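Read off the chains here:
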Amino acid sequence: MPTDGRDHAGPSVDEGVRTLLLLMPRVVGRIKRSRVPRELQSLSLAPRHLSLLAYLLFDGPMSVNELADRLEIVPATASLMIGDLSRQGVIDRREDEADRRRTIVSVADDHRTAVEGWLAKGAEAWKKALQPLTPAQRRTFIDTLHVYERELNAADGG
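Overview of the structure. Throughout this description, residue numbers start from 1 for each chain and increase along the sequence as written. Whole-chain, interface and lining totals are the exception, using all residues; otherwise, since this is a predicted model, local features are given only for residues with pLDDT of at least 70 and side-chain atom pairs are given and counted only at 80 or more. Where side-chain values are given, they derive from all heavy atoms of the structure, hydrogens and water being excluded.

### Overview of the side chain of S63
Put simply, the rule reads: A helix here means a DSSP run of H or I that spans at least four residues, while a strand means a run of E at least two residues long, and both kinds are numbered starting from the N terminus. Classification of residues uses two cut-offs on accessible area relative to the type maximum, computed with a 1.4 Å probe and protein chains only: under 20% is buried, over 50% is exposed, and between them is partly exposed. Residue contacts are counted whenever heavy atoms from the two residues lie within 4.5 Å of one another.
As for its position among the elements, S63 is in strand β1 (residues 62-63). What makes S63 buried here is its relative accessible area of 4%. Apart from residues lying up to four places away in sequence, S63 is in contact with R102, T103 and I104.

Below, the structure is given as structure tokens:
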């Protein structure tokens, strides 16, 4: 075992922090420059909408409460976002046949192709980044991003 604080298979913690502090602003900047598809540009969609739409595309139609849980927001906030997207025709809302008190939401067919196109570049980049990793390495990477997000939120008082 090395005695200089390094694991010769990878960077030290401080080297990793330095590298990520330099890399993350470029990654975030690149994500922010991602263009909303032409068909969706007039709809004033924000990154928070992208997460909502991604859940609906990947996991299919779901209730407002299920979507709120996945987005880690309160149902009232989810309802506001869903109402906004519904008024713009991006998502459809319908009554749950099994429980008429529940509302089921899904991506509207008219916008499905555009939303899928919006997500495709990011999905393909993640696929190429994650493909060479073992399942355990993928789990570590994903868990690390969750911890990073949680610590940023805690530092901001959230």
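### Quick word on the packing of helix α3 (residues 64-71) against helix α4 (residues 75-87)
Note the following rule: Note on definitions: angles span 0 to 180 degrees between N-to-C directions of axes, and those axes are lines fitted to C-alpha atoms, for helices only across the stretch in contact. We call two directions roughly parallel when the angle between them is under 35 degrees, roughly antiparallel when it is over 145, roughly perpendicular when it lies between 65 and 115, and oblique otherwise. Each residue receives one of three labels: charged for Asp, Glu, Lys and Arg, nonpolar for Ala, Val, Leu, Ile, Met, Phe, Trp, Tyr, Cys and Pro, and polar for the others, Gly being one of them.
It is at 9 Å that the axes of α3 and α4 come closest, and there the two elements cross at 110°. In this view, α3 runs roughly perpendicular relative to α4, as classed from their interaxial angle. Between α3, through V64, N65, L67 and A68, and α4, the contact on the second element is made entirely by P75, A78, S79 and I82. By residue class, the composition of the contact of α3 with α4 is six nonpolar, two polar and no charged.

### Looking at the packing of aromatic side chains
Applicable threshold: Stacked, edge-to-face and tilted are the three classes for Phe, Tyr and Trp ring pairs, Trp counted by its six-membered ring, which pair at centre distances within 6.5 Å; planes under 30 degrees apart are stacked, over 60 edge-to-face, the rest tilted.
A complete count under the given rule lists one aromatic pair for this structure. Look at W126 and F141: their rings are 5.7 Å apart centre to centre, the planes differ by 55°, and that puts the pair in the tilted class. A residue pair is termed long-range when its members are at least 10 positions apart, and W126 in helix α5 (residues 109-130) and F141 in helix α6 (residues 135-155) qualify at 15 residues. Among the residues examined, F141 registers a relative accessible area of 32% and is labelled partly exposed.

### Concerning α4
Side chains that are three or four residues apart share a direction in an α-helix, a result of its 3.6 residues per turn. The criterion, for reference: Between the first and last residue of a helix there are one fewer steps than residues, each counted as 1.5 Å, and that sum is the expected span.
The first and last C-alpha atoms of α4 sit 18 Å apart over 13 residues, in line with the 18 Å expected at 1.5 Å per residue. Those residues of α4 not exposed but buried are A78, M81, I82, G83 and L85. Contacts made by the buried residues of α4 are with α2 (47-59), α3, β2 (91-95) and β3 (103-107). Once α4 finishes, G89 follows within two positions and takes phi at roughly 85°, a positive value.

### Things to note about the pairing of β3
Every other side chain in a regular strand lies on the same face of the sheet, so the side chains alternate between the two faces. We apply this condition: Whether two strands pair comes down to DSSP finding at least two bridges between them.
Within β3, four of the five residues are buried, leaving the element largely enclosed by the surrounding structure. In this sheet, β3 lies alongside β1 in antiparallel orientation, the contact comprising two bridges. When the bridges of β3 are listed, M62 appears paired with V105. The pairing of β2 with β3 spans five bridges and is classified as antiparallel. The residue of β3 that forms the bridge with R94 is I104.

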